[in-house]
Amino acid sequence: MNIIYAHEVQSDSKRIFLKKTMGNVMKVNPIAILLLVFLGFTTVYYVHRTWYPSKLGDIKPTGDINLKKLLSAAIYAAERGGIEVKKVRRAADLHEQSKGKTKEGANNPVTDGDMKSHEAIVYALRVTFPGLPIVSEEHETKQWDSQKVMPLSLEHPDVASLTDLLVPMKDVTVWVDPLDATQEYTENLTDYVTTMVAVAVNGEPIIGVIHKPFKKTEKTVWAWVGHGHSENLNLPSFKSIIKTSPRIIVSRSHAGGVKGVATETFGQEVKVIPAGGAGFKVLELFEDNADVYIHTTLIKKWDICAGNAILKEMNGKMTTLAGQDITYDFNSDPKNEGGLLATIWDHKNFLEKFEKAHGV
């Protein structure tokens, strides 16, 4: 099984003191030496597993995988994660912790909702497709029993009419965001919350599933590039006003900086919409509530792979602010540091307009 987990860590400093005996002579305790070696080893191992992506290779990807069946499983997995997210939120016992600060200085929390959804999605995918390379935002904290995990169905009625397609499993990477918009989740701003599963083949985003789990806006949107998309995914009509006065959706944590660049570029009438969650922002483009999604600083690939695939299927575009395509290989850096621009219409024009926005 190939899995990467990204996780922040703060390590406690540990000191072992040798006992001084027999006057000025230091007597080395062999048990203390063994303990020191053990603590050193475990500290190095823990830092390696958390600061750097960890790779578990107990089962190597072999043979082919059916992308139609993987899409079906991804839809069910995202919805299974959503069930866990709702359970924790309704219990109002989030057990919130912090991973640290984002580059914008905002809190980067993790909750039981993140972890329960991670387990529901990743464990199910592991059981259903042994050896499938997976990249998840969260990191497992306990052993799991595969006998207790129900495999995902490989036949979803919404994709029944699509054609089977086999690809080598070694070329596939699944990116999982078990709970997008965790900060908003802790504030009970659940409209922003999504669970996401995406599939990349040879680094290209091919399948995207975004699930909104809360009843007020509950729905699942999916797309498979070149093969089809969910019936609830529609293109808004093009409006010429987009070129001169677009509605720009941005992260709540850096709306002010983007507002300055947007006002300088388009004038005082430009509308900047602060919102939480990358998945939510992409869907707002299709809901015709925004024309441009821009992110000016670092963003993780599990946040954007599903949206990238959906935009690609619908002839939209997602790139860095330099206009570069984003790759999603298993061994690629999970951090996208080039900023982000996502549009349905007129992508090239907006790239030129926002060339100075990176890092604001």
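Residues numbered from 1 in each chain as written. Predicted model: local features only at pLDDT ≥ 70, side-chain atom pairs only at ≥ 80, totals over all residues. Heavy atoms only, no water.

Chemist: Can you lay out the sheet that holds strand 12 (residues 247-251) for me, pointing to particular residues and giving the numbers?
Modeler: Strand order in the open sheet formed by five strands is 13-12-14-18-16, with mixed pairing between adjacent strands. Unpaired on one side and paired on the other, strand 13 (271-275) and strand 16 (317-319) mark the two borders of the sheet. Here the average twist between neighbouring strands, direction ignored, is 20°. Where helix 7 (residues 301-313) meets the sheet, its contacts fall on strand 16 and strand 18 (340-343), and the angle it forms with strand 16 comes to roughly 140°. (Pairing = 2+ DSSP bridges. Helix = DSSP H or I, 4+ residues; strand = E, 2+ residues; numbered from the N terminus. Axes fitted to C-alpha atoms, helices over the stretch in contact; angles between N-to-C directions. Contact = heavy atoms within 4.5 Å.)

Chemist: Residues and numbers for unusual backbone geometry, please.
Modeler: Positive phi, close to 65°, is recorded for N315, a residue that is not glycine. Within the element layout of this structure, N315 appears in the loop between helix 7 and strand 16. Here N315 falls in the exposed class, since its relative accessible area comes to 67%. At D346, a position not held by glycine, the phi torsion is positive, near 60°. Relative to the elements of secondary structure, D346 occurs in the loop between strand 18 and helix 8 (347-353). (Buried < 20%, exposed > 50% of the residue type's maximum accessible area, 1.4 Å probe, protein only.)

Chemist: Before we move on, could you go through the packing of helix 6 (residues 278-286) against helix 7 and cite the residues and values that matter?
Modeler: Packing of helix 6 against helix 7 brings their axes to within 8 Å, and their N-to-C directions diverge by 20°. Taken together, helix 6 and helix 7 sit at an angle that is classed as roughly parallel. Like other packed secondary-structure pairs, helix 6 and helix 7 cross with a definite hand, here right-handed. Contacts between helix 6 and helix 7 pair A278, G279, V282, L285 and F286 from the former with D303, I304, G307, I310 and L311 from the latter. Here the residues of the contact of helix 6 with helix 7 are counted per class, giving seven nonpolar, two polar and one charged. (Parallel < 35°, antiparallel > 145°, perpendicular 65-115°, else oblique. Left-handed = near helix turned anticlockwise from the far one by under 90°. Nonpolar A, V, L, I, M, F, W, Y, C, P; charged D, E, K, R; others polar.)

Chemist: How would you explain the nonpolar core if you had to name every residue and give the values?
Modeler: Generally speaking, nonpolar side chains in soluble globular proteins are found buried as a group. Membership of the largest hydrophobic core comes to 43 residues, with the highest contact counts inside it found for W175, F286, Y293, I304, L311, M318 and Y328. Of all elements in the fold, only helix 2 (67-91), strand 7 (172-180), strand 8 (194-201), strand 10 (219-224), strand 13, helix 6, helix 7 and strand 18 reach the threshold of two or more residues within this core. Setting aside anything within four residues of it in sequence, one finds L311 in contact with V282, L285, F286, G316, K317, M318, A342, T343 and I344. (Core = buried A, V, L, I, M, F, W, Y, C linked by side-chain atoms within 4.5 Å.)

Chemist: An account of the packing of aromatic side chains is needed here, citing residue identities and associated values.
Modeler: When we look at a pair of aromatic rings, we describe it by the centre distance and by the angle of the planes. Under the criterion given, the structure shown has six aromatic pairs. On the numbers, 5.7 Å between centres and 75° between planes, the contact of F238 with W345 is edge-to-face. Taken together, the positions of F238 in the loop between strand 11 (228-229) and strand 12 and W345 in the loop between strand 18 and helix 8 put the pair 107 residues apart, joining distant regions of the chain. Residue F238 is classed as partly exposed on the basis of its relative accessible area, which comes to 40%. Pairing F266 with F350 gives two aromatic rings, centres 6.3 Å apart and planes at 55°, and the pair type is tilted. Remark: F350 occurs in helix 8 and F266 occurs in helix 5 (residues 255-266); sequence separation between them is 84 residues. Judged by relative accessible area, F266 falls into the buried class, the value being 13%. Put simply, the rings of F266, F350 and F354 pair up and form one aromatic cluster. (Phe/Tyr/Trp six-rings, centres within 6.5 Å; stacked < 30°, edge-to-face > 60°.)

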